[in-house]
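# Coordinate inspection notes
These are the residues of each chain, in order.
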Amino acid sequence: MIKKQIKKILVALDGSKNSQRALSMAISLARNCDTKLVGMNVISNIPKKYHHLSYPEKPVLLAADNMMESAKILCAKNGILFERKIDFGDPGSKIVKFAESLNFDIIILGTRGMSGIKEKFFGSVSNYVVHKSSVPVMIVK
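Note that the structure is predicted; figures quoted are calculated from it, not measured. (Residues numbered from 1 in each chain as written. Predicted model: local features only at pLDDT ≥ 70, side-chain atom pairs only at ≥ 80, totals over all residues. Heavy atoms only, no water.)

## Considering the overall build of the chain
Helix and strand counts for the chain come out as five helices and five strands. The proportion of buried residues among the 141 residues of the chain is 39%. Within the chain, contacts between residues separated by at least 24 positions form 74% of all contacts whose residues are at least 6 apart in sequence. Of the roughly 8,800 Å² that the chain leaves accessible, carbon and sulfur atoms contribute 56%. (Helix = DSSP H or I, 4+ residues; strand = E, 2+ residues; numbered from the N terminus. Buried < 20%, exposed > 50% of the residue type's maximum accessible area, 1.4 Å probe, protein only. Contact = heavy atoms within 4.5 Å. Areas by Shrake-Rupley, 256 points an atom, 1.4 Å probe, with all protein chains shown as cover.)

## A look at the packing of aromatic side chains
Applying the stated criterion to the full structure yields one aromatic pair. When the centroid spacing of 5.6 Å and the interplanar angle of 40° are considered together, the rings of F98 and F104 count as tilted. Overall, F104 belongs to the buried group, its relative accessible area being 6%. Its guanidinium or amino end placed over the ring of F104, K8 lies 5.1 Å from that ring's centre, counting from NZ or CZ. (Phe/Tyr/Trp six-rings, centres within 6.5 Å; stacked < 30°, edge-to-face > 60°. Lys NZ or Arg CZ within 6 Å of the ring centre and 35° of its normal.)

## A word on the side chain of T35
Topologically, T35 is positioned in the loop between α2 (17-33) and β2 (37-43). At a separation of 2.4 Å, a polar atom in the side chain of T35 contacts the main-chain carbonyl oxygen of K7. Residue contacts for T35: discarding those within four places in its chain leaves I6, K7, K8, I9, A30 and I80. (Polar contact = N/O pair within 3.5 Å; in protein donor to acceptor, adjacent residues only side chain to side chain.)

## Let's talk about the nonpolar core
I9, L13, L23, L37 and I108 are the most contacted members of the largest nonpolar core, which has 21 residues in total. Per element, the largest residue contribution to this core is seven residues, and it comes from α2. Those residues in contact with L13 that lie beyond four places of it in its chain are S19, L23, G39, M40, N41, M67, M68, A71 and F82. Counting 14 residues, the second largest nonpolar core, distinct from the first, contains L10, F98, F104 and L109. (Core = buried A, V, L, I, M, F, W, Y, C linked by side-chain atoms within 4.5 Å.)

## Notes on the pattern of salt bridges
Per the counting criterion, the structure on display carries three salt bridges. Measuring nitrogen to oxygen at the nearest pair gives 2.4 Å for the salt bridge that ties R84 to D65. Remark: D65 occurs in helix α3 (residues 57-77) and R84 occurs in strand β3 (residues 82-88); sequence separation between them is 19 residues. Here R84 falls in the partly exposed class, since its relative accessible area comes to 42%. A relative accessible area of 28% means that D65 is categorised as partly exposed. We note a salt bridge from D87 to K94, for which the minimum N-O separation is 3.7 Å. (Salt bridge = Lys/Arg side-chain N within 4 Å of Asp/Glu carboxyl O.)

## Remarks on helix α4 (residues 91-101)
Of the residues making up α4, those classed as buried are P91, G92, S93, I95, V96, F98 and A99. In the core, the buried residues of α4 are packed alongside β1 (9-12), β2, β3, β4 (106-110) and α5 (124-132). Just past α4, the residue N103 takes up positive phi, approximately 55°.

## As for the pairing of β2
When you tally the buried positions in β2, you get seven out of seven residues, the bulk of the element. In β2, alternate side chains face the same way, and those of L37, G39, N41 and I43 on one face and V38, M40 and V42 on the other are all buried. Chirality of the crossover, the property in question, places the unit of β1, α2 and β2 among those that are right-handed. (Right-handed = clockwise from strand over helix to strand, strands pointing away.)

Below, the structure written as structure tokens:
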């Protein structure tokens, strides 16, 4: 039954241990559903008042590229095809818009729970995605 329902899986990756656990869960689900994964990394926009502190884009893109390549290799070792998407902007809204625009069946992401009382149990990105997405969301702790 689940194989027929889940054909497109989006996994949000940021290089954290929690996103690695989300990738492992996504690989397992993709294997059970006989589908590929799309990994998405969103590089946050830095407010203009902090631009003097920001890193040049090239190292940030290189780090994202390396992370996605590692995810692709892990997927290949598990017999899963992997596509990648790197974008810039607000991670929560970019993930939701991308998932909805391409009709994904599920979004899988890790949680950090590191900011404020509002996000006591979820990180701010996972909290946003859970509350704003029309696509089902799986949170991996």
